[in-house]
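# A closer look at the structure
Listed below, chain by chain, are the residues.
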Amino acid sequence: MCKIKHKVEEHMIWLVENGEVSFWYDNWTSLGPLCKYLGDEARPKDIKLRDVFVNGEWNENNTGLTWPEFLKNIVQNMDLALCPDKLDKPIWVPDRRGTFTTSSAWNIFRQRRGPSTTDTRIWHKSVPFKMAFLTWRAIHDRLSTGERGYSLVTTTSLLVEPQSFEYSSFFYSQVIAANNFVKIVEVKKFGQLQMETTWEKLQRIVNQPITHRIYKVVKWSRPPPFYYKFNSDGSCVEGACGASRVIRECNGTLVMVYSVYLGQGTSNWAEGHAMLLGLQHYISRGLDKIIVEADSKVLVSAINEESSTPWRLLQIVDKIKQIVSEKGAAVKHCYREANKVADKLASISHLHKQAITGLPRQIRGLHQLDRWEMASFRIRQRKTSKIYFEPP
């Protein structure tokens, strides 16, 4: 355990609550221990984070060292708030929930080869094990019939103009030779369908999955009388995040529109901040009776306690839960097609890099369609298993 201690700590981060973690030697900034930024020879004394972050301010003198300028920027840009009644929590970064699992640790430290298309199709859940095992043995020439002189996998060298290649077949091979040319498949046209003459092209045609599309009618619905509907959305483009919120009355009239640029982050982080900032602004305006909608299934499921909360959203989700519990709000999931106004607002926040308090011209049409409750079509492709097995 001690030999791999430094490797394990590279994938751990501390979620700060009461500040009992080490300021220099624990990874609480997601950038690693801060002591490594002081140089190899520096050995600062071990001091707790709560002794450096006092009353919401950083006290450099308590560390006994002069901080480099870049270290000051790292520490001062941290959004930190200590909670004395909660314990600091270690987070295992490779797992979405933040808890340690042997499977995630194994995936980190093992030497993994690239995925094999052949193995994926042989060892498939829809293929009986007996058939999969027989196929694997045949491909690797492990069938007992090969020792008796009846090899099921044959390899024949063929001469094809202008070059020769090796043709392998499974269980059966047939060669049609004429005038030193090999005709593997004759070219035939059936309307617009043309059969290819090389095995590589034939394989690409056969491997193309059959796509099935699913159509669903989706629309934004008005809230009940005397209620407000709050739609939020977050956007993340190459690490740059933006958030938007839209509040409308029961007749579809706009009450508040807001979009803001958040900075660097992730998509789930942006979704969480968009809802949190919107709820905080909603409370400040003294509104009541609200229905919250967001197109992030991860965030909504975490708030409604239908699934575990990703560790990056723990603090945000706790604040949202507190507000929702106090105001008795309902948080629901909606499709992106029913959240077009907030989605478009969040996407344009990357361009302006400043707060937008009005409804831009390019979004007014989407708002009017929502007010009329016009339907949209959600089109998705059904995932294919690539192997169709129907037992008799």
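A brief structural summary. None of the values given here were measured: they were computed from a predicted structure. Sequence order as written defines residue numbering, which begins from 1 separately in each chain. Restriction of local features to residues with pLDDT of at least 70 applies here, the model being predicted, together with a cutoff of 80 or more for giving and counting side-chain atom pairs; totals for whole chains, interfaces and linings are based on all residues. Hydrogens and water are ignored here; the side-chain numbers use all heavy atoms of the structure.

Another aspect to go through is the pattern of salt bridges. Note on definitions: salt bridges are taken to be side-chain nitrogens of Lys or Arg within 4 Å of carboxyl oxygens of Asp or Glu. Enumeration over the complete set of coordinates arrives at 10 salt bridges. Of the charged contacts in the structure, one is a salt bridge between Glu-60 and Lys-72, with a shortest N-O distance of 3.9 Å. Placement of Glu-60 in the loop between strand E3 (57–58) and helix H3 (69–76) and of Lys-72 in helix H3 is noted, with a sequence separation of 12 residues between them. Remark: exposure states derive from per-residue accessible area (1.4 Å probe, protein chains only) relative to the maximum for the residue type, with buried under 20%, exposed over 50%, and partly exposed in between. Taking relative accessible area as the criterion, Lys-72 reaches 23% and is therefore assigned partly exposed. It is possible to trace a salt-bridge network through shared partners that takes in Glu-20, Lys-48, Arg-50 and Asp-51. Helix and strand assignments follow DSSP, with helices taken as H or I runs no shorter than four residues and strands as E runs no shorter than two, numbered in order from the N terminus.

Turning our attention to the side chain of Asp-88. Along the chain, Asp-88 falls in the loop between H3 and strand E4 (89–92). Asp and Glu are treated as the negative residues and Lys and Arg as the positive ones, with His and the ends of the chain left uncounted. Despite its burial, Asp-88 pairs with no opposite charge, the nearest such side chain being Arg-50 at 7.6 Å. Of note is the side chain of Asp-88, whose polar atom sits 2.6 Å from the backbone nitrogen of Glu-17. Definition of a polar contact: a pair of N or O atoms within 3.5 Å, with one able to donate and the other able to accept a hydrogen when the atoms are protein atoms, and with sequence-neighbouring residues admitted only if both atoms are side-chain atoms.

A word on the environment of Glu-20. Take Glu-20: it is sitting in the loop between strand E1 (12–15) and helix H2 (49–52). Sequence separation between Glu-20 and Leu-82 is 62 residues; the distance between their C-alpha atoms is 9.9 Å. Not counting the four nearest positions on each side in its chain, Glu-20 is found in contact with Lys-48, Arg-50 and Asp-88. Looking at Glu-20, its side chain comes within polar contact range of the side chain of Lys-48, at 2.7 Å. Note on contacts: a residue pair is in contact if any heavy atoms of the two residues lie within 4.5 Å.

So, about a nonpolar patch on the surface. Residues forming no salt bridge and having over 30% relative accessible area are the ones grouped into patches, like charges within 9 Å of each other and nonpolar side chains (Val, Leu, Ile, Met, Phe, Trp, Tyr) within 5 Å. In these tables, accessible area is a Shrake-Rupley quantity obtained with a 1.4 Å probe, and a residue counts as shielded only by the protein chains included in the view. Residues Tyr-215, Val-217, Phe-377 and Ile-379 make up a contiguous nonpolar surface patch of roughly 460 Å² in combined accessible area. Mapped onto the nonpolar patch, the elements with two or more residues apiece are strand E11 (212–218) and strand E17 (376–382). With respect to the element layout, Phe-377 can be found in strand E17.

Our focus in this paragraph is the pairing of strand E15 (residues 290–294). For E15, the tally of buried residues reaches 5 of 5 residues, placing the bulk of the element in the interior. The alternating pattern of E15 places Ile-290, Val-292 and Ala-294 on one face and Ile-291 and Glu-293 on the opposite face, and all of these are buried. By the bridge criterion, 4 bridges tie E15 to strand E16 (residues 330–333) in an arrangement that is parallel. From the neighbouring strand, Glu-293 faces E16, where its bridge partner is Lys-332. DSSP bridges decide pairing: two strands pair if at least two such bridges lie between them.

Next up on the list: the packing of aromatic side chains. Note on aromatic pairs: the rings of Phe, Tyr and Trp (six-membered ring only in Trp) are paired at centre separations within 6.5 Å, and the planes decide the class, stacked below 30 degrees, edge-to-face beyond 60, tilted for the rest. Counted under the stated rule, the structure contains 11 aromatic pairs. Both rings, one in Phe-23 and one in Trp-24, keep their centres 4.9 Å apart while their planes meet at 85°; by these two values the pair is edge-to-face. The pair Phe-23 / Trp-24 is uniform in exposure class, with both members buried. Their ring planes at 20° and their centres at 5.5 Å tell us that Phe-23 and Trp-67 sit as a pair that is stacked. You can see Phe-23 sitting in the loop between E1 and H2 and its partner Trp-67 sitting in the loop between E3 and H3, a full 44 residues away along the chain.

This part takes up unusual backbone geometry. Phi is positive for Asn-55, which is not a glycine, with a value near 55°. Tracing the backbone shows Asn-55 in the loop between strand E2 (53–54) and E3. The backbone phi angle of Asp-141 is positive, close to 55°, even though this residue is not glycine. You can see Asp-141 is positioned in the loop between helix H6 (129–139) and strand E5 (153–160).

For the rest of this paragraph, the subject is the nonpolar core. Nonpolar side chains in soluble globular proteins generally cluster together in the buried interior. Core analysis: the biggest nonpolar cluster contains 24 residues, and Phe-230, Met-275, Leu-279, Val-292, Ile-303, Ile-320 and Val-331 have the highest contact counts within it. Elements represented by at least two residues in this core include exactly strand E12 (228–237), helix H8 (267–284), E15, helix H9 (297–303) and helix H10 (314–327). What makes a nonpolar core is a set of buried Ala, Val, Leu, Ile, Met, Phe, Trp, Tyr and Cys residues whose side-chain atoms join them at distances within 4.5 Å. In terms of nonpolar packing, the next biggest core, distinct from the first, is built from 15 residues, Trp-24, Cys-35, Leu-71 and Leu-80 among them.

What follows deals with the sheet that holds E16. Spatially, 5 strands are ordered E14-E13-E12-E15-E16 in an open sheet, and the strand pairing comes out mixed. The open sheet terminates on both sides in strands that have one partner only, identified here as strand E14 (254–264) and E16. Geometrically, the sheet is characterised by an average inter-axis angle of 20° between neighbouring strands, direction not taken into account. The axes are straight lines fitted to the C-alpha atoms, using for helices just the contacting stretch, and the angles between their N-to-C directions are given from 0 to 180°. Strands in contact with H8 are E12, strand E13 (240–248), E14, E15 and E16; relative to E12, the strand with the most contacts, it is inclined by about 145°.

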